[in-house]
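Topology and contacts: notes
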Amino acid sequence: MTASAPPPHARPPETPLTMDAVQADVLVIGAGAAGMMCAIEAAKRGRRVLVIDHAARPGEKIRISGGGRCNFTNVNAAPKNYLSQNPSFCISALRRYGWRNFVRLVDEAGVAWHEKTLGQLFCDGSATQIVDLLTGRLRQHGARLMLATAASDIRHTADGFTVRLSPAAKVAGKAAQGGGAASGSAAPVQFSCASLVIASGGKSIPKMGATGFAFEVAAQFGLNVIAPRPGLVPFTLAPEQLAMLAPLAGVAVDAVVSHTSPAGRKTSFAEALLFTHRGLSGPAILQISSYWREGDAITLSLAPGVDVFAALKAARAANGRQAPQTALAEFLPRRLAQAIVEMQPGPERLADCSDKHLRALDAAVNAWSIRPNGTEGYRTAEVMLGGVDTSELDQKTMAVKAVPGLYFIGEAVDVTGWLGGYNFQWAWASGWCAGQAA
Ligand code: FDA
C-alpha cells in the first residue's frame, strides 16, 4: 500500500513520542531481521532502545521470505557461503552467533521447523511466526517499535547523534494489525541517542520499502561503499536468444551452472534451473547470478552426471532409426531435448549421425555456454551485493571504526550470502553482535 500519510491504526491516539521519550540509548533505523535482532539484544542489556521503520509493518521481507515459510537459517552457514571484498570479515560474527543460536530462539518460541534440502531450515507454518517471535521479544525486553516513521537530518553531537523523526511520506506495506507494537511519529521530533544503528537493508525490491538510505548515511560520514548490484536474481536474455528458447518457458531441470571469473576462479551450483519467458531462473541461476558480471558467459550442464556422448552412441547402436531428440529425452524433458536438437541441427536418424555430431549434442547438453544480456535487477533480486565497505567496520561489533557510536548491520554491509537461509543468518549474526555493543 502506498499512502500520503501513515495508516491511522499504525498511530495510536496517544502521542507516541512524549518529551521524555525523545531520547534513547540506542536508535535502530530499520525493523527488519538485523535491526530487530540488534534491538532485542541491546534492550536485554538494559539499554533504552527505539526501532523505527518507514514501512507500516516490521519484518516485511521476513514475511514474504522462503515462499512464505521463511528459510531462516542454514546448518552449513560458514564464511565460504558469503561474498564480500573481505571474505574473512564475517568469520567472527558467524562464530559468535551461529545458526544453532537462532534455532534455539525459534525452539524457545515453540515455532515448528524442518530441514529441507542443502541444510535449509524453514518454518513448518507461516513466516509471520518469525516476525511475531522478534516483535514479542522486543516487547518482552522493553524495546519500542515505531512504524511509518522516516529518519532524516542525522547529526553527530558530543553525546552521540540527533536524528529528525517524522511521519513517513510514503508508507510501504499493509498497516500493522493489533499487537500493540506499532506506533508512528505524529509530528517531527528531534531524537537524541548515544548509539545509532543503521539496519535499513539493501536496495532489492523497492516496492517493499527498500532504499539506499544506508549509503546516504555512509556518504555523510565519508565511509567507503562497495558498489551495490543486484544478487540472487534471474537472468534476462537477448531477444534472438529468447525467441529460440521461447518454447522452453516453464521447463525445469536439475542442473549444474558454472561461472569462471576473469581470474580463472570457477564457481558451480548444482540445483534446479528454470527457463522463463524472460530468460533463466531457478535456484542454480540465482546462486550464480551473484558471481556474474555484465558481459560474462555462464555454462549450463543440463544432464549432470550423464555421459551424453556415450548414451547417444549406445542408442545409435541399439536403434539407429531413433531420432536424436528421442534418445536425449531419456534424460532431459522432451521440450528441452527438442530444443537442443534444433540448436545443433543434423541428421534425423541416429544411424546417420557422426561421432562429431553426437559430441556436439553432448556439448549442447552439458557444456552449454550462454551469455545473459542482463538481470531482472532490484525489482526481483533477493539481495543486494556490495554495501558499506567492511574495512570501515569492527568485525566483532559492526561499529564504524572512525565514528564511535555508529553501527551498520545486515544487508547494508558488504557481506552477501548464498541462497538458502544464509542471508538471514548474516542479519541475525551481525545484528546480535551490534546488540552486544551499541
Ligand atoms: P531488511 O530489508 O530485512 O530490513 C530493512 C528495513 O529497513 C525494512 O523494514 C525497511 O522498510 C527499512 N528501511 C529501509 N529504508 C528505510 C528508511 N529510509 N527509513 C526507515 N526504514 C527504512 N534470506 C534468507 O536467508 N532466507 C530466505 O528465505 C529469504 N527469502 C527472501 C525472499 C525475498 C523475496 C527477498 C526479497 C529476500 C529474501 N531473503 C531471504 C533475503 C533477506 O530477506 C534479506 O537478506 C534480509 O531481510 C536482510 O535483513 P536486513 O535486516 O538487513 O534488511
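Just so you know, these numbers come straight off a predicted model, no measurement behind them.

What counts and how
Residues numbered from 1 in each chain as written. Predicted model: local features only at pLDDT ≥ 70, side-chain atom pairs only at ≥ 80, totals over all residues. Heavy atoms only, no water. Helix = DSSP H or I, 4+ residues; strand = E, 2+ residues; numbered from the N terminus. Buried < 20%, exposed > 50% of the residue type's maximum accessible area, 1.4 Å probe, protein only. Contact = heavy atoms within 4.5 Å. Lys, Arg positive; Asp, Glu negative; His and termini not counted. Charge placed at Lys NZ, Arg CZ, Asp CG, Glu CD. UniProt positions renumbered as here; feature names shortened; annotations may be inferred. Axes fitted to C-alpha atoms, helices over the stretch in contact; angles between N-to-C directions. Parallel < 35°, antiparallel > 145°, perpendicular 65-115°, else oblique. Left-handed = near helix turned anticlockwise from the far one by under 90°.

**Observations concerning the overall build of the protein chain**
For the protein chain, the count of helices and strands is 13 helices and 21 strands. Along the first, second and third principal axes, the C-alpha set of the protein chain runs to 85 × 40 × 40 Å. The 438 residues of the protein chain split such that 56% are buried. Within the protein chain, contacts between residues separated by at least 24 positions form 75% of all contacts whose residues are at least 6 apart in sequence. Looking at charge distribution, the protein chain has the averaged site of its 41 positive side-chain charges lying 1 Å from that of its 33 negative ones.

**Quick look at the UniProt feature "domain: RsdA/BaiN/AoA(So)-like insert" (unreviewed entry) in the protein chain**
Sites flagged by UniProt as "domain: RsdA/BaiN/AoA(So)-like insert" (unreviewed entry) map to residues 229-383. Secondary structure across residues 229-383 divides into 34% helix and 24% strand, with the first and last C-alpha atoms of the span separated by 9 Å.

**Some remarks on the side chain of Gln-322**
Take Gln-322: it is sitting in the loop between helix H9 (308-318) and helix H10 (324-328). Those residues in contact with Gln-322, other than ones at most four positions away along the chain, are Ala-315, Ala-327, Glu-348, Arg-349 and Leu-350.

**Thoughts on helix H11 (residues 334-343)**
Buried residues of H11: Leu-336, Ala-337, Ala-339, Ile-340 and Val-341, and no others. Of the surrounding secondary structure, the elements contacted by the buried residues of H11 are strand S13 (252-260), strand S14 (266-275), H10, helix H12 (355-366) and strand S17 (368-370).

**A short note on the packing of H9 against H12**
The N-to-C vectors of H9 and H12 enclose an angle of 135°; their axes lie 8 Å apart at closest approach. The angle between the axes of H9 and H12 places the two elements in the oblique class. Crossing geometry of H9 relative to H12 is assigned as right-handed. Along the contact surface, H9 presents Val-308, Phe-309, Leu-312, Lys-313 and Arg-316, while H12 presents Asp-355, Leu-358, Arg-359, Leu-361, Asp-362, Val-365 and Asn-366.

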